[in-house]
There are 2 protein chains.
Amino acid sequence: MHSLDRVDLQLLRALCVEPRSTFVALAQRLGLSRNTVQARMARLEESNAFLAFDRRINPIALGHPLTAFIQVHLQQKRLSQIVAELTQIPEIVQAHGMSGSTDLLVLVVCTDADDLFRIDGTILACEGVDRTETSLAMGELIPYRITPLLDRVTRERGPANRVDVDIDDEA
Amino acid sequence: MHSLDRVDLQLLRALCVEPRSTFVALAQRLGLSRNTVQARMARLEESNAFLAFDRRINPIALGHPLTAFIQVHLQQKRLSQIVAELTQIPEIVQAHGMSGSTDLLVLVVCTDADDLFRIDGTILACEGVDRTETSLAMGELIPYRITPLLDRVTRERGPANRVDVDIDDEA
DNA sequence: ACAGAATAGGGCAAAGTGACTAATGGGACG
DNA sequence: CGTCCCATTAGTCACTTTGCCCTATTCTGT
């Protein structure tokens, strides 16, 4: 259990703008002392406000320019076994359990169409997987972003107000 | 146009393990000189091997613990107008143009079910949007990761081999 | 008004950075 | 075979940043 105040949000904002800023630079930009920035950053990290660095690595740079979402339909009681198998496939970069008709939404990156076909085959080969529906991402029309949300949260809450968070389930 | 060699991949790997490593630390870990690390990091950044810092911010910390994928069906010739409108919605953190029956796959984060309902309504209100299908992410069964792929790419290519990449379309 | 937390401000030794040089070792190419 | 080019190494230097210490001064909620 932790809570972010307005200054924390401004810190995150500044980091989005200039990820490599030093503590001193952040302190200057926000008009705080370096100690304060340092303490807050430590707390932010402590409270899992940051996700893994993996997210910042461009799959394109790794020779995997194609992104696809694969909807997986499966026998639900084999779910954990299937997830364990899918974890072995390096091209699967993320997978969500879903509500609704699709059980699993899998995010894969691949080198080309053949590669995608191969990966899809590997998923289908898992015991308990009924069928898959593959959708190719044609373009990232809205590139991943969090700053608009950051701004809204900052604006909505009053200066001294807090955003109460329970982050422990993400740890 | 750029290419990553094995050392670049190892660098990225090390960064995933310890995102806050200094250049000296990276140099020690990889058995390189600091200058080399510094030069390579500069090249990596230059060639867009890193995505925006936004990706590392945990929406849960912002009070948005719910993630949902919304499939949007729309009149294709209004696509660009619709995307422009969706860009105004801060809870939309990403959107992909898709192949197949769904035109747009939108990733949203929200505070609770009511919030999701409201956002879905906002999307539906856009001129040219025919209908939406909302799927709630029940859990991130495979948390976003790139290291397995990193390892595979490193292993596959020989020591001196290169991964040829054209990153300019991501810039 | 009070207790506890957050902050500013200062200081200091250690570490890291950015920018530069010169030397080394391959590879590619004529 | 020699030569050019490039990445790398190793070293230096001035400068900045860090990590950690401390204390006095606001805030904050009760």
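Since we're looking at a predicted model, the values are computed, not measured.

1. Brief notes about the overall build of chain A
Now for step 1: Summing up its helical and strand segments, chain A has 6 helices and 6 strands in all.
Now for step 2: Reading the helices (α) and strands (β) of chain A from amino to carboxyl end gives β-α-α-α-β-α-β-β-α-β-α-β.
Now for step 3: Against the compact-globule benchmark of 16 Å for 171 residues, chain A has a radius of gyration of 20 Å, which places it well outside the compact range.
Now for step 4: With respect to the principal axes defined by its C-alpha atoms, chain A has extents near 55 × 35 × 25 Å.
Now for step 5: Within chain A, residue pairs in contact and separated by at least 24 positions form 70% of the contacts whose partners lie at least 6 positions apart.
Now for step 6: Put simply, chain A shows about 8200 Å² of open surface, and 48% of that area lies on carbon and sulfur atoms.
Now for step 7: In chain A, the 18 positive side-chain charges and the 24 negative ones have mean positions that sit 10 Å from each other.

2. Concerning the protein's contact with DNA strand C
Now for step 1: Close contacts around DNA strand C come from 14 residues, with S33, N35, T36 and R40 of chain A together with R34 of chain B the closest.
Now for step 2: Atoms of DNA strand C within 4 Å of the protein belong to the sugar or the phosphate in 60% of instances, the rest to bases.
Now for step 3: One of the side-chain N or O atoms of R34 of chain A is found 3.1 Å from a base oxygen in DNA strand C.
Now for step 4: Counting residues per element, the ones that place at least two in the surface near DNA strand C are α3 (34-46) of chain A together with α2 (23-30) and α3 (34-46) of chain B.

3. Some points on the relation of the copies chain B and chain A
Between the two copies of this chain, the relationship is a rotation about some axis together with a displacement along it.
Now for step 1: Each copy superposes on the other: chain B lies on chain A with an RMSD of 0.0 Å after a rotation of 180° and an axial shift of 0.0 Å. Considering both components of the superposition, the chain copies are consistent with a two-fold axis. Within chain B, R55 of chain B has its C-alpha nearest the rotation axis, a separation of 2.9 Å.
Now for step 2: A shared interface surface links the copies, since 100% of the contact residues of chain B are contact residues in chain A too.

4. Some points on the pattern of salt bridges
Now for step 1: Using the criterion set out here, one finds 20 salt bridges over all chains in the structure.
Now for step 2: We note a salt bridge from E140 of chain B to R55 of chain A, for which the minimum N-O separation is 3.3 Å. Placement of E140 of chain B in strand β5 (residues 129-142) and of R55 of chain A in the loop between α3 and β2 (66-74) is noted, with the two residues assigned to different chains.
Now for step 3: The partly exposed category is assigned to E140 of chain B, whose relative accessible area is 25%.
Now for step 4: Note on R55 of chain A: relative accessible area 12%, which makes it buried.

5. Points about the interface of chain B and chain A
Now for step 1: Contact with chain B, which involves 72 residues of that partner, is made by 72 residues of chain A.
Now for step 2: Between chain B and chain A the total buried area reaches about 6900 Å² when both faces are included, carbon and sulfur atoms providing 64% of it.
Now for step 3: The largest contributions to the chain B side of the interface with chain A come from F53, R56 and Y144 of chain B, which together make up 11% of the buried area.
Now for step 4: Among the salt bridges present, the one from R20 of chain A reaches E45 of chain B, with a minimum N-O distance of 3.0 Å.
Now for step 5: The tally of links from chain B across to chain A stands at 36 residue pairs in polar contact (both at pLDDT 80 or more).

6. Some details on the UniProt feature "domain: HTH asnC-type" (unreviewed entry) in chain A
Now for step 1: Per the UniProt record, "domain: HTH asnC-type" (unreviewed entry) is found at residues 4-65 of chain A.
Now for step 2: Summarising residues 4-65 of chain A: 53% helix, 2% strand, and an end-to-end C-alpha distance of 36 Å.

7. Remarks on the domain arrangement of chain A
Now for step 1: Looking at the assigned domains, one finds that chain A contains domain 1 (2-54 + 147-170) and domain 2 (57-136).
Now for step 2: A straight line from the C-alpha centre of domain 1 of chain A to that of domain 2 of chain A covers 33 Å.

8. Brief notes about the packing of helix α1 (residues 6-17) of chain A against α3 of chain A
Packed helix pairs are characterised by how far apart their axes lie and by the angle those axes make with each other.
All names here are of chain A.
Now for step 1: Viewed as axis vectors pointing N to C, α1 and α3 meet at an angle of 90°, and their least axial separation amounts to 11 Å. Here α3 runs roughly perpendicular to α1, going by the angle between their axes. Of α3, the residues touching α1 (which contributes V7, D8, L11, L12 and L15) are V37, R40, M41, R43 and L44.
Now for step 2: Across the contact of α1 with α3, the residue classes tally to 7 nonpolar, no polar and 3 charged.

9. Things to note about the confidence of the model for chain A
Residues and elements named next belong to chain A.
Now for step 1: The predicted model of chain A has a mean per-residue pLDDT of 89, with 90% of residues at 70 or higher.
Now for step 2: Put simply, strand β6 (residues 163-165) is where chain A has its lowest mean pLDDT, 47, and strand β3 (residues 92-98) is where it has its highest, 98.
Now for step 3: Per-residue pLDDT stays below 50 along residues 159-171; that stretch engages in 38 contacts with residues further than four places along the chain or on separate chains.

10. Describing the packing of aromatic side chains
Now for step 1: One pass over the full model with this rule turns up 3 aromatic pairs over all chains.
Now for step 2: Measuring from ring centre to ring centre gives 5.9 Å for F50 of chain A and F53 of chain B, while their planes differ by 70°; the resulting arrangement is edge-to-face. Of the two residues, F50 of chain A is situated in the loop between α3 and β2 and F53 of chain B in the loop between α3 and β2 (66-74); the pairing between them involves two chains.
Now for step 3: When the ring of F69 of chain A is compared with that of F69 of chain B, the centres are 6.4 Å apart and the planes differ by 70°; the resulting orientation is edge-to-face. With F69 of chain A in strand β2 and F69 of chain B in strand β2, this pair bridges two chains.
Now for step 4: A relative accessible area of 7% places F69 of chain A in the buried class.

11. Focus on the sheet that holds β5 of chain B
Now for step 1: A barrel is described by the order of its strands in space; here 8 strands give the closed sequence β2(A)-β4(A)-β3(A)-β5(B)-β2(B)-β4(B)-β3(B)-β5(A), paired in antiparallel fashion. Adjacent strand axes in the sheet meet at a mean angle of 35°, parallel and antiparallel pairs treated alike.
Now for step 2: This element, helix α4 (residues 79-87) of chain B, spans β5 (129-142) of chain A together with β2, β3 (92-98), β4 (104-110) and β5 of chain B of the sheet and lies at about 85° to β5 of chain A.
Now for step 3: Along the sheet, helix α5 (residues 113-124) of chain B contacts β2, β3, β4 and β5 of chain B; its crossing angle with β5 of chain B, the most-contacted strand, is approximately 145°.

The rules behind the values
Residues numbered from 1 in each chain as written. Chains lettered and ligands numbered in written order. Predicted model: local features only at pLDDT ≥ 70, side-chain atom pairs only at ≥ 80, totals over all residues. Heavy atoms only, no water. Helix = DSSP H or I, 4+ residues; strand = E, 2+ residues; numbered from the N terminus. Rg over C-alpha atoms; globule rule 2.2 N^0.38 Å. Contact = heavy atoms within 4.5 Å. Areas by Shrake-Rupley, 256 points an atom, 1.4 Å probe, with all protein chains shown as cover. Lys, Arg positive; Asp, Glu negative; His and termini not counted. Charge placed at Lys NZ, Arg CZ, Asp CG, Glu CD. Near = heavy atom within 4 Å. Polar contact = N/O pair within 3.5 Å; in protein donor to acceptor, adjacent residues only side chain to side chain. Least-squares fit on C-alpha atoms with pLDDT ≥ 70 in both. Salt bridge = Lys/Arg side-chain N within 4 Å of Asp/Glu carboxyl O. Buried < 20%, exposed > 50% of the residue type's maximum accessible area, 1.4 Å probe, protein only. Buried area = accessible area lost by both parts, 1.4 Å probe. UniProt positions renumbered as here; feature names shortened; annotations may be inferred. Domains from an automatic or database assignment. Axes fitted to C-alpha atoms, helices over the stretch in contact; angles between N-to-C directions. Parallel < 35°, antiparallel > 145°, perpendicular 65-115°, else oblique. Nonpolar A, V, L, I, M, F, W, Y, C, P; charged D, E, K, R; others polar. pLDDT = per-residue confidence, 0-100. Phe/Tyr/Trp six-rings, centres within 6.5 Å; stacked < 30°, edge-to-face > 60°. Pairing = 2+ DSSP bridges.

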